[in-house]
Amino acid sequence: MKEKNGTIDNNTLITKEMKKSYDVVVVGSGPAGASAAKTLIGSGLDVVIIEKCSLPRDKMCGGIILPSARKFLSENYDDIPKQLFTEPKEIKGSRYMSTCDPQAQVIDCPGLDLGDTLPNREFGLSIDRVGFDFWLCKESRALMADNCLLIDYKKDGRDISVRVKHDGNYMRIKTKYLIGADGPISRVRRSLFPEFDKTLNWVALYEEHYEGKIDLDPEWMYWIIDPISFGSLIHKGGNIHLNVSNSKEETAINALKRFVSFLKNNHGLKIEKKIMSRGIVMNDMPYRENYLLGKENVLLVGESAGFVRALDGITGALVSGKAAGEAILQSIKSGRPPMEHYSEHELVHSEWAICKKVQPNLANYGFSFGK
Ligand SMILES: Cc1cc2nc3c(=O)[nH]c(=O)nc-3n(C[C@H](O)[C@H](O)[C@H](O)COP(=O)(O)OP(=O)(O)OC[C@H]3O[C@@H](n4cnc5c(N)ncnc54)[C@H](O)[C@@H]3O)c2cc1C
């Protein structure tokens, strides 16, 4: 399909040329940005999702779709395509073990209350985040511009002038509404509230994926409780994923080495090949109930706004994206700023209530946040 203002790949909806203006610019192609775009697109608004990485992009994540996210998806999306599931598809629940326990026993976790659990209390479905997030974006039917980094933006009368670097070229785009769905290190949030970002504390997480074997049932997630660090282990697509957090006392890489030897000595871990390693940071916004929704016609959604329900960040992203999209549509009808509708939105308040209920459970696992 050839458009007047750009060339669009009909299968991926990725545009290689950007127009000079859009009604809504969504920054970030994760579940929050995809959900906001999907809510807006049916209304006839001209919406573009900009993404700094090449699409489809990867995201370090367990890729477990928890019951609340499944409920949201079943109410708002077609069925998740079969090819996006990874083996084992169904995760029965979580179990923990402690590096301080001489028997290294594996114990079922007391159920984490994650809010609107499904009636049969199924736990999770395992998906491939690369394909899943791209599917969510394509379901929105919004155009996407990848390799498109938001640099900054400024107010231009009632509009917003957004500066991006798209495929190596700097350009400005005009928009009426800007949605910051750009994850934990959000440039949209930092531009809006520079002082706020200085108050945040951070933790780094590191993971390695292995081909190999371990004497643990692959249909469960495992938490590794430790006085210094915090770890988790899942099976995905036949591989073992081991994830650790860093702390003031120990780097994540050293913690991982200790956890590997703990698992070798106690649970028969045999690593045949390390297939990848990567890291990510997260901040303590949700753990301090320190949420930010935005200002006037700039709205923050998903992790950039602090919407992360303990282990379940995908639900908070989907729900807040929908709420922000609806707030913009309500604002067009009412003439009031979208931020007013967003901050009054029922989904925002129910999400905060759930976060408040579940966050203290995770605090017990002991992430060590710092500057
Ligand atoms: C180790 C780990 C495991 C997790 N496991 C799970 C799990 O199993 N289940 C679950 O529900 N949640 C899990 N989460 C949480 C979940 O991954 C996040 O909460 C969720 O991805 C947040 O979605 P989002 O759309 O807000 O942001 P993201 O998914 O982070 O998307 C933000 C996007 O914005 C893009 N971007 C950033 N800056 C710019 C810029 N300046 N210009 C253009 N684009 C930009 C990024 O490249 C990215 O694609 C996990 C998190 C971590 C750290």
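Heads up: these notes are all about the structure in this document. None of the values given here were measured: they were computed from a predicted structure.

### What about the pairing of strand S15 (residues 202-213)?
- Taken together, the 12 bridges between S15 and strand S19 (residues 270-283) define a ladder with antiparallel strand orientation. Bridge assignment links tyrosine 206 to a residue of S19, and that residue is glycine 279.
- Where S15 and strand S18 (residues 239-245) come together, 6 bridges link them in antiparallel fashion. Within the sheet, the bridge partner assigned to glutamate 208 lies in S18 and is leucine 242.

### Focus: the pairing of strand S10 (residues 124-127)
- In S10, alternate side chains face the same way, and those of Gly124 and Ser126 on one face and Leu125 and Ile127 on the other are all buried.
- Judged from the 2 bridges that link them, strand S6 (residues 64-65) and S10 form a sheet pairing that is antiparallel. Its bridge partner being in S10, isoleucine 64 is matched across the sheet by serine 126.
- Relative to S10, strand S7 (residues 85-91) runs antiparallel, the two being bridged by 3 bridges.

### What about the sheet that holds S6?
- Taking strand neighbours across the sheet as the criterion, the 3 strands line up as S6-S10-S7 in an open arrangement whose pairing is antiparallel. The sheet terminates laterally at S6 and S7, the two strands that pair on one side only.

### A look at the packing of helix H1 (residues 31-41) against helix H3 (residues 129-140)
- Where H1 contacts H3, the axes come no closer than 7 Å and their chain directions differ by 15°. As summarised for this structure, H1 and H3 are arranged roughly parallel, according to the angle between their axes. Classified by chirality, the crossing of H3 by H1 is left-handed. Contact residues: Pro31, Ala34, Ala37, Lys38 and Ile41 in H1; Arg129, Asp133, Leu136, Cys137, Glu139 and Ser140 in H3.
- Among the residues forming the contact of H1 with H3, the class breakdown is 6 nonpolar, 1 polar and 4 charged.

Conventions and cut-offs
- Every chain begins its residue count from 1, and numbering advances along the sequence as written.
- Only residues with pLDDT of at least 70 are given local features in this predicted model, and only at 80 or more are side-chain atom pairs given and counted; all residues enter the totals for whole chains, interfaces and linings.
- Calculation of side-chain values draws on the structure's entire complement of heavy atoms; hydrogens and water are dropped beforehand.
- Only strands that DSSP links by at least two bridges are regarded as paired with each other.
- Only DSSP runs of H or I reaching four residues or more are called helices, and only runs of E reaching two or more are called strands; each is numbered from the N terminus.
- Only protein chains enter the accessibility calculation, which uses a 1.4 Å probe; a residue whose area is less than 20% of its type maximum is buried, one above 50% is exposed, and one in between is partly exposed.
- Here an axis means a line fitted to C-alpha atoms, over the contact stretch when the element is a helix, while the angle between two N-to-C directions is reported on a 0 to 180 degree scale.
- Any angle between 65 and 115 degrees counts as roughly perpendicular, while under 35 counts as roughly parallel, over 145 as roughly antiparallel, and the rest as oblique.
- Left-handed describes a crossing whose near helix is turned anticlockwise from the far helix by less than a right angle; the clockwise case is right-handed.
- Should any heavy atoms of two residues lie within 4.5 Å, those residues are considered in contact.
- Think of it as three bins: nonpolar holds Ala, Val, Leu, Ile, Met, Phe, Trp, Tyr, Cys and Pro, charged holds Asp, Glu, Lys and Arg, and polar takes everything else, Gly as well.

Geometry only, nothing functional implied.
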